[in-house]
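# An overview of the molecular structure
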Amino acid sequence: MILTLSPLLRAGAGATTLGPGPAAAANTNRSAEGEVPESPGSAHQERRSTRVPNAGRSSLDRIIIYRLGSLGDTVAALPCFHLIERSYPNAERVVLTNFPPSSKATPLEVILKPGAFIHSSIPYPLGLRSPKQIVELAKLVRGRQAHTLIYLAASRRVAAAWRDVAFFRMCGFDQIIGAPLSKDLQANRTDYAGNLEHESHRLARTLRALGEIDLEDRAWWDLRLTAQEHAAAQNQLGKMCE
């Protein structure tokens with residue numbers, strides 16, 4: 001789902017308009033219809049989908065991605081980070097995320113930055129309740145001067161998602177992509193056999209405006225481990241087998 005800020009709301013009154021509206025950059029009359037980014041492992045595979053306006057344009061120089069959590073949460077969202085990177089290849093990708101208090105929990109930035117999925121991060125304090133903290137965070141986010149936010153948070157409630165949208169509007173975002181503002185996008189679906197949908201599938205549905213993700217294609221799960229990381233893993237596995 002894409003939310004764009006109407007002129008009335010910019011002025012302090014009016015309502016949010018849903019659907020693919022004009023981006024904050026140029027060419028507002030361009031069609032939003034286009035090709036989906038090719039699967040990372042299938043260079044010639046064609047897919048069809050509705051794309052968000054100006055995705056990947058050089059004028060869109062910075063986006064913010066809202067995603068909390070550590071290792072497990074990051075892996076579940078990994079295909080979505082592939083999609084975001086391919087949709088906005090020329091943008092500086094900044095993640096708004098928490099830094100776990102436990103030294104045993106790996107921060108999201110440590111996992112994704114070496115693979116160039118993101119460039120930097122903004123710390124999001126957990127348990128955010130104080131009005132002073134909320135205002136300080138809003139100033140910090142607004143200071144990045146980004147107009148597009150990718151909402152990639154875990155499912156909570158529709159009301160909580162609307163509250164988040166209101167906060168991000170206060171941060172100055174003209175376009176919010178992926179906010180789960182319906183019960184279907186908030187819930188993990190159940191198939192005919194009673195199997196519960198994986199969280200990675202639900203997240204992929206929320207970002208469908210950016211394109212389709214083939215979750216069966218292993219390339220979408222590539223963490224892009226460095227040579228040093230591969231060597232360290234082999235060293236540890238070797239010790240386990242001794």
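Residues numbered from 1 in each chain as written. Predicted model: local features only at pLDDT ≥ 70, side-chain atom pairs only at ≥ 80, totals over all residues. Heavy atoms only, no water.

### Regarding helix 8 (residues 199–206)
Taken across its eight residues, helix 8 has six buried, putting it largely inside the fold. On the buried face of helix 8, the contacting elements are helix 2 (71–76), helix 3 (78–87) and helix 7 (183–186). (Buried < 20%, exposed > 50% of the residue type's maximum accessible area, 1.4 Å probe, protein only. Helix = DSSP H or I, 4+ residues; strand = E, 2+ residues; numbered from the N terminus. Contact = heavy atoms within 4.5 Å.)

### Concerning the nonpolar core
Of all hydrophobic cores here, the largest spans 28 residues; its most connected members are Ile-65, Phe-81, Ile-84, Ile-150, Leu-152 and Leu-207. When contributions to this core are tallied by element, the ones reaching two or more residues are strand 5 (62–66), helix 3, helix 4 (108–112) and helix 8. Sort the elements by how many residues they give to this core and helix 3 lands first, with five residues. Every residue in contact with Ile-84, bar those within four places of it in the chain, is listed here: Ile-63, Ile-65, Arg-93, Ile-150, Leu-152, Leu-207 and Leu-210. Ala-146, Ala-161, Val-165 and Ile-176 belong to the second largest nonpolar core, which has 24 residues in total. (Core = buried A, V, L, I, M, F, W, Y, C linked by side-chain atoms within 4.5 Å.)

### Focus: the packing of aromatic side chains
This model, assessed by the stated rule, comprises six aromatic pairs. For the pair Tyr-151 and Phe-168, a centre-to-centre distance of 6.5 Å together with 85 degrees between the ring planes defines the contact as edge-to-face. Pair noted here: Tyr-151 is in strand 8 (residues 148–151) and Phe-168 is in helix 6 (residues 158–170), with a separation of 17 residues, a long-range link. Each member of the pair, Tyr-151 as well as Phe-168, is classed as buried. Both rings, one in Phe-168 and one in Phe-173, keep their centres 6.0 Å apart while their planes meet at 75 degrees; by these two values the pair is edge-to-face. Just as Phe-168 is buried, Phe-173 falls in that class too. Counting every residue linked through ring pairs, the aromatic cluster contains Tyr-66, Tyr-124, Tyr-151, Phe-167, Phe-168 and Phe-173. Note that Arg-224 overlies the ring of Phe-117, its terminal NZ or CZ placed 4.2 Å from the centroid. (Phe/Tyr/Trp six-rings, centres within 6.5 Å; stacked < 30°, edge-to-face > 60°. Lys NZ or Arg CZ within 6 Å of the ring centre and 35° of its normal.)

### Some details on the confidence of the model for the protein chain
Summarising the model, the protein chain shows a mean pLDDT of 80, and 74% of its residues fall at 70 or more. The low-confidence segment residues 6–50, where pLDDT is below 50, has 84 contacts with residues more than four positions distant or belonging to other chains. (pLDDT = per-residue confidence, 0-100.)

### Brief notes about the environment of Phe-81
Within the secondary structure layout, Phe-81 lies in helix 3. Measuring from C-alpha to C-alpha, the distance between Phe-81 and Phe-117 comes to 6.3 Å, with 36 residues separating the pair along the chain. The residues contacting Phe-81, other than those within four sequence positions of it, are Ile-65, Arg-67, Leu-108, Leu-112, Phe-117, Ile-118 and Leu-152.

### What to know about the environment of Asp-73
Its place among the elements puts Asp-73 in helix 2. The exposure class assigned to Asp-73 is partly exposed, which follows from its relative accessible area of 33%. Along the chain, Asp-73 and Glu-199 lie 126 residues apart, while their C-alpha atoms are 9.2 Å from each other. Among all residues touching Asp-73, those that are not within four sequence positions of it are Arg-67 and Leu-68.

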